[in-house]
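Observations on chain architecture
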Amino acid sequence: MTILATVAATADPVAARSQMGLSLAWHIILACFGVGLPGLVLFAEWRGIRTGDPVYRLLARRWARALGLLFAVGAVSGTILSIEMGVLWSGLMSRWGQVIGLPFAIEGIAFFIEAIFLGIYLYGWDRLSPRVHLAAGVPIFAAGIASAFFVVCANAWMNAPAGYTIVHGRLVGVDPLAAMFNAATGPETVHMILAALMVTGFGTASVYGVAMLRGRRDRYHRLGMLIPLTGGALLTVPQIVAGDWAARMVATDQPTKLAAMEGLSRTTRGAPESIGGWYSGGQLHWALRIPDGLSMLARLNPHASIQGLDATPAADRPPLVTLVHLSFDTMVGIGFGLLALGLWLALWWWRRQDFPGSRWFLRAVAVSGVATVVAMELGWITTEVGRQPWIVYRVMKVANAVNPEPGIQYGFWAVVAIYAILTVVTIAVLRHLTRAVPVPTEPQDADVESYQVT
Amino acid sequence: MTLANVLAVIMWVGVTAYALFGGADFGAGFWDLVAGRAEAGAARRTLIEHSIGPVWEANHVWLIFILVVMWTGFPGLFGAVASTLWIPLTVAALGVIGRGSAFAFRKSVTARWQRRAFGAAFAASSVITPFFLGAAAGGVAAGRVPPGVGQGNAVTSWWNPVSVLTGALAVIVCAYLAAVYLTADARRTGDARLVGQFRACALGAGAVAGLIAAVGLAVLHAEAPTLAHGLANRALPLVVVSGVAGLAALIVLFLRRFLIARTAAAVAVGAVVWAWALAEYPYLLAGRLTIAAAAATHSVLLATSISLLAGAVLLIPSLTWLYVIFQREPRRNVAAPERTPAGG
Ligand code: HDD
Ligand code: HEM
Ligand code: HEM
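If you tally the helices and strands in chain B, you get 13 helices and two strands. A globule of 344 residues ought to have a C-alpha radius of gyration of about 20 Å, and chain B, at 20 Å, matches this closely. Seen along its three principal axes, the alpha-carbon backbone of chain B occupies a region of about 55 × 40 × 40 Å. Within the span of chain B, comprising 344 residues, buried residues form 60% of the whole. A fraction of 81% describes how many contacts in chain B between residues 6 or more apart in sequence connect residues 24 or more apart. Counting only carbon and sulfur atoms, one obtains 72% of the accessible surface of chain B, whose full area is about 12,900 Å². Here chain B holds 23 positive side-chain charges and 11 negative ones, and the gap between their average locations is 4 Å.

Residue and element names in this part refer to chain A. The immediate surroundings of ligand 1 are formed by 26 residues, with His191, Lys257, Met331, Met376 and Thr383 found nearest. In the model, an oxygen atom of ligand 1 is placed 3.3 Å from a nitrogen or oxygen of the glutamate 188 side chain. Measuring from a nitrogen atom of ligand 1, one finds a side-chain N or O atom of histidine 191 at 2.8 Å. Those elements giving two or more residues to the shell around ligand 1 turn out to be α7 (185-213), α8 (219-253), α9 (255-262), α11 (321-352) and α12 (359-387). The element best represented in the shell around ligand 1 is α8, accounting for eight residues. When grouped by side-chain class, the residues that make up the shell around ligand 1 number 16 nonpolar, seven polar and three charged.

Under ideal tetrahedral coordination, the four donors around a metal are separated by 109.5 degrees; under ideal octahedral coordination, the six donors are separated by 90 or 180 degrees. Residue and element names in this part refer to chain A. Those protein atoms acting as donors to the iron atom of ligand 1 are His191 (NE2) and Met331 (SD), and they sit at 2.1 to 2.4 Å. Relative to the metal, the six donor atoms surrounding the iron atom of ligand 1 lie at angles of 82 to 179°, and the coordination shape comes out octahedral. With a gap of 140 residues between them, histidine 191 in helix α7 and methionine 331 in helix α11 connect regions that are remote in the sequence.

Attention now goes to the coordination of the iron atom of ligand 3. Exactly one protein atom donates to the iron atom of ligand 3; that atom is His27 of chain A (NE2), 2.1 Å from the metal. With respect to the helices and strands, the residue histidine 27 of chain A is situated in helix α1 (residues 13-51).

Our next topic: the nonpolar core. With 218 residues, the main nonpolar core has Trp89, Leu92 and Met225 of chain A together with Trp31 and Phe74 of chain B as its most contacted residues. Per element, the largest residue contribution to this core is 19 residues, and it comes from helix α2 (residues 54-87) of chain A. Ranked by size, the runner-up nonpolar core spans 25 residues in total, among them Ala271, Leu294, Leu309 and Val321 of chain A.

It is common to give the size of an interface as the accessible area lost on bringing the parts into contact. Across the boundary between the two partners, chain B contributes 74 residues, which contact 75 residues of chain A. Approximately 6,400 Å² of surface area, both sides summed, lies buried where chain B meets chain A, with 74% of it carried by carbon and sulfur atoms. Linking chain B with chain A are zero salt bridges. Where chain B touches chain A, the interface holds 12 residue pairs in polar contact (both at pLDDT 80 or more). Elements with a minimum of two residues in the side of chain B that touches chain A: α3 (56-73), α4 (75-84), α5 (86-108), α12 (291-294) and α13 (298-328) of chain B. Residue contributions to the side of chain B that touches chain A peak at 15 residues, all from α13 of chain B. For the side of chain B that touches chain A, a count of residues per class yields 42 nonpolar, 26 polar and six charged.

Quick look at the confidence of the model for chain A now. In this model, chain A carries a mean pLDDT of 92, and residues with pLDDT of at least 70 account for 97%. Segment residues 1-10 of chain A: pLDDT under 50, and 23 contacts once partners within four positions in sequence are set aside and those in other chains are kept.

Turning to empty space enclosed by the protein, a few remarks are in order. Enumeration over the complete set of coordinates arrives at four cavities of 30 Å³ or more. Where the lining of the largest cavity is concerned, the elements lending two or more residues are α2 and α4 (101-123) of chain A together with α3 and α5 of chain B. Taken together, the residues of the lining of the largest cavity sort by class into nine nonpolar, five polar and three charged. Put simply, the second largest cavity is a space of about 50 Å³. Around the second largest cavity sit Ala40, Ala43, Arg44, Asp191, Arg193, Leu194 and Gln197 of chain B, which together line it. Of all the elements in the fold, those that place two or more residues in the lining of the second largest cavity are α2 (38-52) and α8 (192-223) of chain B. Of the residues assigned to the lining of the second largest cavity, the class counts are three nonpolar, one polar and three charged.

Once that is clear, we can look at the pattern of salt bridges. If charged atoms from side chains of opposite charge come close, those side chains can pair. Residues and elements named next belong to chain A. The final tally for this structure, using the stated rule, is 16 salt bridges over all chains. Linking aspartate 126 and arginine 61 is a salt bridge whose minimum nitrogen-to-oxygen distance equals 3.0 Å. Of this pair, aspartate 126 sits in the loop between α4 and α5 (130-159) while arginine 61 sits in helix α2, and the two are 65 residues apart along the sequence. Here aspartate 126 falls in the exposed class, since its relative accessible area comes to 51%.

The rules we used
Residues numbered from 1 in each chain as written. Chains lettered and ligands numbered in written order. Predicted model: local features only at pLDDT ≥ 70, side-chain atom pairs only at ≥ 80, totals over all residues. Heavy atoms only, no water. Helix = DSSP H or I, 4+ residues; strand = E, 2+ residues; numbered from the N terminus. Rg over C-alpha atoms; globule rule 2.2 N^0.38 Å. Buried < 20%, exposed > 50% of the residue type's maximum accessible area, 1.4 Å probe, protein only. Contact = heavy atoms within 4.5 Å. Areas by Shrake-Rupley, 256 points an atom, 1.4 Å probe, with all protein chains shown as cover. Lys, Arg positive; Asp, Glu negative; His and termini not counted. Charge placed at Lys NZ, Arg CZ, Asp CG, Glu CD. Near = heavy atom within 4 Å. Polar contact = N/O pair within 3.5 Å; in protein donor to acceptor, adjacent residues only side chain to side chain. Nonpolar A, V, L, I, M, F, W, Y, C, P; charged D, E, K, R; others polar. Donors = N, O, S within 2.8 Å, 3.2 Å for Na, K, Ca; no water. Tetrahedral: all angles 85-135°; square planar, octahedral: opposite > 155°, others 65-115°. Core = buried A, V, L, I, M, F, W, Y, C linked by side-chain atoms within 4.5 Å. Buried area = accessible area lost by both parts, 1.4 Å probe. Salt bridge = Lys/Arg side-chain N within 4 Å of Asp/Glu carboxyl O. pLDDT = per-residue confidence, 0-100. 1 Å grid on protein atoms, 1.4 Å probe; cavity = no way out; pocket = protein on both sides within 12 Å on 5 of 7 lines; lining within 4 Å. Points joined across faces, edges and corners; volume = space filled by probe spheres on them.

In structure tokens:
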């Protein structure tokens, strides 16, 4: 295999990177609901079967209807990603495709399971017995989590490449399992799966939070808010632990990315934790600094030395340090904000067995959905932009991976146009779905049975 | 058989399945496009929606399956094909997005103009996607994709006689398969007029497909002599099988034996797909890149083959269940001319 990328000067990494970033950032939102929503639907359906309560049963059906729409759009937006891996990053794939291929191949199986059982689950709602139907939903949830795991394994490999042998520039040996389970796999996959579940939890809760602010305080809306909100709030705790794990992994394996995340220009003993600020002229300005904080967090030792950006040759540093630093800080800030929201709910529940009556609580719930999506997107910006200029960390540069054929930028504009339309239409149709059949204040069995899932 | 050949066969099974199942879903979109004005075409559109609704997402995964098996097992092939053919592949990807999302949106809205707009997007992209995928395949078949990254011509690699013909053939074959499958589905609704319409569509599309295939052979002879040679020799038995099955399908369709027609049509199309592979063997890129040369390292081939075969143990019963549930049980509501979407 000596097919090396012979990239001509015509290659256009900027258009290719923008196209990849846009389609990934779009797909990942839908993918999060694809991972999390089946869990929510199954929970509501299970409660509905156990209690016969029409509120749970109606919630299950209405969430399932949204799931059908989101899944379809998510699946097709994932397809273009697979094609873009080759169309944009042919150099990467012809050289490294086989090394990261195994998780993708297994992910393919997981996609099949997801799509097959989703068809059975949604279209079989009134054909299967309740128990069989509930059981048919379980593989969707399991396969969704599995696909998130496998695809993030591939991304982890780009951050912490392992499991291959190069002799004289030729790839002679591959250990697919070592490549799949690399140093970044653990923290990245756990952090991402939790993020997907949190996006679903807070995202769904925020829809009902808005409805409550508009005056709908019936049991349907209470449960619609409290079930996903409780789930999301509970997961925030392990998510922060996982984020800390990820940060420590980055500190050991990707010191340049850590330096960019912290805006740390020079290698420092007892490095401060910097919050906010602006990086320019080789320095971080106007940041709030907690003395020794970074050394403490990254190495559990206030005097530890942390590598700064100056340790890396200028050509190998990420160009957008401010973006990486602020993205990271905002993600962490939102993480703690969500934790505070969860604590607020827990405290009230403990004292009063109810959620806080204040409108401020509902407002916080209403924005928590968008905030969680923002945190998730910013986490990805931290990871991906912080890795620049490498596509495979310290192994292959983005410029050597891109497809050299002319005209790639037109593809980018076509993708921008389609995604702009798709964004508007998806939101409009989702709004239509929630309004076309209004929710009665006290749903009866007839309301449940007449609601079509597909 | 070498491991590389095993993985090549697995990939080709994926191509066949995508052609037979995914292809029929695109074809259904083609018939949606030509079903006529809203009232007249309502029954046909409803049947199409009911037939492909539960299965299209699963059928669509075959495309992803082909891509990941290709980049894992034959990374050099993937790099060469995807870089040179980036234009048709990007258009096809956008078509996939349009098709899938418009189909899902149409089911979710009620206003007539919205259903029409989404229906049009669904139907148009159902034609665009197979055309460009077919044109890309034609470029590979015609030997227009050299090995290496971005070595071919970004335009003539897919805008040439063989590609255009293959693209057209792909569209019409999809339409043919869909019409044959839908005729049998229509019979279950008990609507004789619907059966007659789809039967006529199937007969017409089958005849056109046969015609284009015949012209295609002549064009191949001039444009892709090695492939034509392979088809005339090593792959001849499969070409014959395809022709016989194609004719048989038309005859049994005429005789109204719709379930047999399904099988015959699938055999006719599947045989062409395998004839192509056999005619090119052992090359992946005509005359330039063999299966052995493009293959990944042994450990990757082994791990991937084992994973996929293990996956098949899960997939085959699941897929069977999916198809059986929606084939065997009586369909309610199907014949209702304009379904009232539930909103939701
Ligand atoms: C719900 C969303 C969410 C929340 C609340 C957090 N994160 Fe996060 N973070 C992600 C969602 C996310 C992500 C989008 O899922 C990323 C991108 C790549 C990855 O594996 O996870 C990520 C990446 C990411 C990385 C980079 C990993 C890498 O480059 O490989 C670090 C160091 C952290 N996070 C740390 C944290 C910390 C310390 C948090 C504490 C509050 C935190 N994250 C909250
Ligand atoms: C989990 C699977 C993922 C894989 C395999 C992956 C792969 C890639 C590849 C190949 C590139 C192009 C090369 C480069 O610029 O380094 C890229 C860039 C990028 N990705 Fe990811 N990515 C993944 C997830 C995500 C997600 C979910 C986002 C969401 C925001 C994202 C955001 C970006 C951005 C913004 C870029 C452009 C970076 C730049 O040019 O500065 N990625 N990714
Ligand atoms: C962190 C990043 C990602 C996660 C968590 C993720 C997860 C998922 C999930 C759960 C689905 C199922 C459909 C849905 O629920 O909407 C899906 C669909 C898909 N994803 Fe992603 N994905 C990620 C990134 C990527 C990347 C980088 C690629 C390709 C290179 C990709 C390719 C696909 C494909 C092809 C599908 C369609 C499968 C189908 O037809 O069912 N995804 N993804």
